Amino acid sequence: MPLDDAAVFDLPEATRELRDVALAFARDRLAPQAQAWDEARHFPVDVMREAAGLGMAALYVREESGGAGLTRLDAAVVFEALATGCPTISAFLSIHNMVAWMIDRFGDDAQREAWLPKLVGMELIASYCLTEPGAGSDAAALSTRAARDNEGYVLDGVKQFISGAGVSDLYLTMARSGGPGAGGVSAFLVPKDTPGLSFGANEKKMGWNAQPTRQVIFDGARIPAAALLGEEGQGFRFAMAGLDGGRLNIGACSLGGAQRALDIALAYVRDRKAFGQEIGKFQATQFRLADMQTELEAARTLLWRACAKLDAKAPDATAFCAMAKRFCTDTGFRVADEALQLLGGYGYLADYGIEKIVRDLRVHRILEGTNEIMRLIIARGMLGR
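Residues numbered from 1 in each chain as written. Predicted model: local features only at pLDDT ≥ 70, side-chain atom pairs only at ≥ 80, totals over all residues. Heavy atoms only, no water.

**Student:** Tell me about the packing of helix α8 (residues 317–342) against helix α10 (residues 371–383), residues and numbers included.
**Tutor:** Put simply, α8 and α10 touch, their axes get as near as 9 Å, and they point 145° apart. Note on packing geometry: the crossing formed by α8 with α10 is left-handed. Between α8, through T318, A319, A322, M323, K325, R326, T329 and D330, and α10, the contact on the second element is made entirely by N371, M374, R375, I377 and I378. Each residue belonging to the contact of α8 with α10 can be placed in one class, and the counts come to six nonpolar, three polar and four charged. (Axes fitted to C-alpha atoms, helices over the stretch in contact; angles between N-to-C directions. Helix = DSSP H or I, 4+ residues; strand = E, 2+ residues; numbered from the N terminus. Left-handed = near helix turned anticlockwise from the far one by under 90°. Contact = heavy atoms within 4.5 Å. Nonpolar A, V, L, I, M, F, W, Y, C, P; charged D, E, K, R; others polar.)

Right under this line is the structure:
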């Protein structure tokens, strides 16, 4: 069933109303321009600020900090709805939300006051900097250094695959302030105008072309001691806490993109004729459609359960976030690819919109922790490690 119908478990009325607002925004402000943004590699900051005006840039930032104060389930419903218009923009809004939440959750009063008012409305845009050229899945092996001196910290190193890099105003950066391993990592708030901070070329990518992806380069970048988020040595824990929610959000984006692809395919098979009848009347087509919808509903149900676990701070929340991320992103990509197949050669054309969805959703199985790493997290929880 489409996103705007009742699901197996009814959402609260307030969440349904929020979903309807996000669906309308996706329909009116994202979908009509998504293909053009992709082709032009245009980052629509102005449109994202419109979404921020609806509260979508600080969904789970506390109300006392200026945010919407919503649940993780609310956020997942919003990101799925937005992704029906453009998965790329929905995913970037997820990243921005994650950084804003981390400042609200782990920052001090001065940091919240300095950054959150402008992040909430996206007057300022934020990026998350963890991955490095030599430290992807093995994130605790990161080598960007934060050397302490009497004036603060000096950062040296390179971050890789950073969404929004070169445009964003704030970079939440994990860097090594101590010894090896996760315990030596700290988190820092680095403004774009920091001397010694620069950016690589905008990467040429398979998908996600409506947001820039660049290296973030620190070459003697000096920041004050007040830029430290929390205490030294807490950065890796903060990063993983942020990623629990990020994994739910990217799973939601996958479902939204896949639902849109399925909706396009459903309309096509009702209209397209072959061998004397609409192709939707062939049992082979019907079986495929049934499997696609069943898989999306199963993924959505797991996602919502994982959201409830994270909201409740359940001890197995991290494992459930990993399960949901793995299952939703694999399922979303598979359903979108099946939708393309149902359109045949037309699915391969940009005019129908599905090929962009397939390209955009492919990276969801890699970022926020690869799906192979998700399996490790799940298995370690099972084995009590």
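**Student:** Please set out the side chain of E368 residue by residue, giving values where relevant.
**Tutor:** Locating E368 in the fold gives a position in the loop between α9 (354–362) and α10. Setting aside residues up to four positions removed in sequence, E368 forms contacts with M98, L243, G246, R247, I250, K325 and M374.

**Student:** Can you lay out α8 for me, pointing to particular residues and giving the numbers?
**Tutor:** Counted at 1.5 Å a residue, the expected span for α8 with its 26 residues is 38 Å, and the 37 Å between its end C-alpha atoms agrees. Trailing α8 by a residue or two, G344 shows a phi angle of about 60°, which is positive. (Expected span 1.5 Å × (residues − 1).)

**Student:** With reference to specific residues and values, describe the environment of G53.
**Tutor:** Structurally, the position occupied by G53 is in helix α2 (residues 45–53). Each C-alpha atom, one on G53 and one on V190, is 25 Å from the other, the two residues being 137 residues apart in sequence.

**Student:** Run through the pairing of strand β2 (residues 145–149), naming residues and quoting values.
**Tutor:** Looking at chain direction, β2 and strand β3 (residues 152–163) are connected through five bridges and run antiparallel. Note that in β3 the partner of A146 across the bridge is L155. (Pairing = 2+ DSSP bridges.)

**Student:** Describe in detail the state of the cysteines, supporting the description with residues and values.
**Tutor:** The full count for this structure, using the stated rule, is zero disulfides. Of all cysteine sulfurs, the one in C321 lies closest to C307, which takes part in no disulfide; the gap is 7.4 Å. Residue C321 is classed as buried on the basis of its relative accessible area, which comes to 0%. (Disulfide = S-S within 2.5 Å. Buried < 20%, exposed > 50% of the residue type's maximum accessible area, 1.4 Å probe, protein only.)

**Student:** How would you explain the pattern of salt bridges if you had to name every residue and give the values?
**Tutor:** Evaluated as defined, the whole model comprises 22 salt bridges. For R19, the salt bridge is made with D20, and the minimal N-O distance between the two is 3.7 Å. A salt bridge links R300 to E297, with the nearest nitrogen and oxygen atoms 3.2 Å apart. Of this pair, R300 and E297 both sit in helix α7 (residues 283–311), three residues apart, which is roughly one turn of that helix. As far as burial versus exposure is concerned, R300 and E297 are alike and both buried. Here the residues in one salt-bridge network are R326, D330, R365 and R375, joined through shared partners. (Salt bridge = Lys/Arg side-chain N within 4 Å of Asp/Glu carboxyl O.)

**Student:** Lay out α2 with the relevant residues and their values.
**Tutor:** Three or more residues of α2 are buried, namely V45, V47, M48, A51 and A52. When α2 is viewed along its axis, its buried side chains cluster within an angular range of 160° and face the same direction. One or two positions beyond α2, positive phi appears at G55, with a value near 90°. (Arc of directions from axis to C-beta.)

**Student:** Tell me about the environment of L23, residues and numbers included.
**Tutor:** With respect to the helices and strands, the residue L23 is situated in helix α1 (residues 13–40). For the pair L23 and V77, spaced 54 residues apart in sequence, the C-alpha to C-alpha distance is 9.7 Å.

**Student:** Got a sec to walk through the packing of aromatic side chains? Specific residues and values, please.
**Tutor:** Applying the stated criterion to the full structure yields nine aromatic pairs. Between F106 and F238, the ring centres sit 4.0 Å apart and the planes meet at 15°, which makes this aromatic pair stacked. Taken together, the residues span a long stretch of sequence, with F106 in helix α4 (residues 87–106) and F238 in helix α6 (residues 235–271) at a distance of 132 residues. Look at F106 and you get buried, because its relative accessible area is 11%. With centroids separated by 6.4 Å and ring planes inclined at 85°, the aromatic side chains of Y268 and Y352 adopt a geometry described as edge-to-face. Of this pair, Y268 sits in helix α6 while Y352 is found in the loop between α8 and α9, placing the two residues 84 residues apart along the sequence. You can call Y268 buried: its relative accessible area is 12%. Among the residues examined, Y352 registers a relative accessible area of 33% and is labelled partly exposed. Taking NZ or CZ as reference, R72 lies 4.7 Å from the ring centre of W101, over its face. Across the ring face of F333, the terminal group of R362 is positioned such that the distance to the ring centre comes to 5.7 Å. (Phe/Tyr/Trp six-rings, centres within 6.5 Å; stacked < 30°, edge-to-face > 60°. Lys NZ or Arg CZ within 6 Å of the ring centre and 35° of its normal.)

**Student:** Any details on the pairing of strand β7 (residues 213–223)? Residues and values, ideally.
**Tutor:** Where a strand is regular, its side chains alternate between the two sheet faces. Sheet topology places β3 next to β7; nine bridges connect them, and they run antiparallel. When the bridges of β7 are listed, K159 appears paired with V216. Where strand β6 (residues 197–199) and β7 come together, three bridges link them in antiparallel fashion. Of the residues in β7, the one forming a bridge with L197 is F218.

**Student:** Help me get a handle on unusual backbone geometry, residues and values and all.
**Tutor:** Phi at M122 takes a positive value of approximately 60°, unusual for a residue other than glycine. Along the chain, M122 falls in the loop between α5 (109–120) and β1 (126–129). One non-glycine residue, K313, adopts positive backbone phi at about 55°. Within the secondary structure, K313 sits in the loop between α7 and α8.

**Student:** Account for the side chain of T194, naming residues and giving values.
**Tutor:** Along the chain, T194 falls in the loop between β5 (185–191) and β6. In this structure T194 comes out as buried when scored by relative accessible area, which is 7%. Separated by 2.8 Å, the side chain of T194 and the backbone oxygen of P191 make a polar contact. Not counting the four nearest positions on each side in its chain, T194 is found in contact with A221, R222 and I223. (Polar contact = N/O pair within 3.5 Å; in protein donor to acceptor, adjacent residues only side chain to side chain.)

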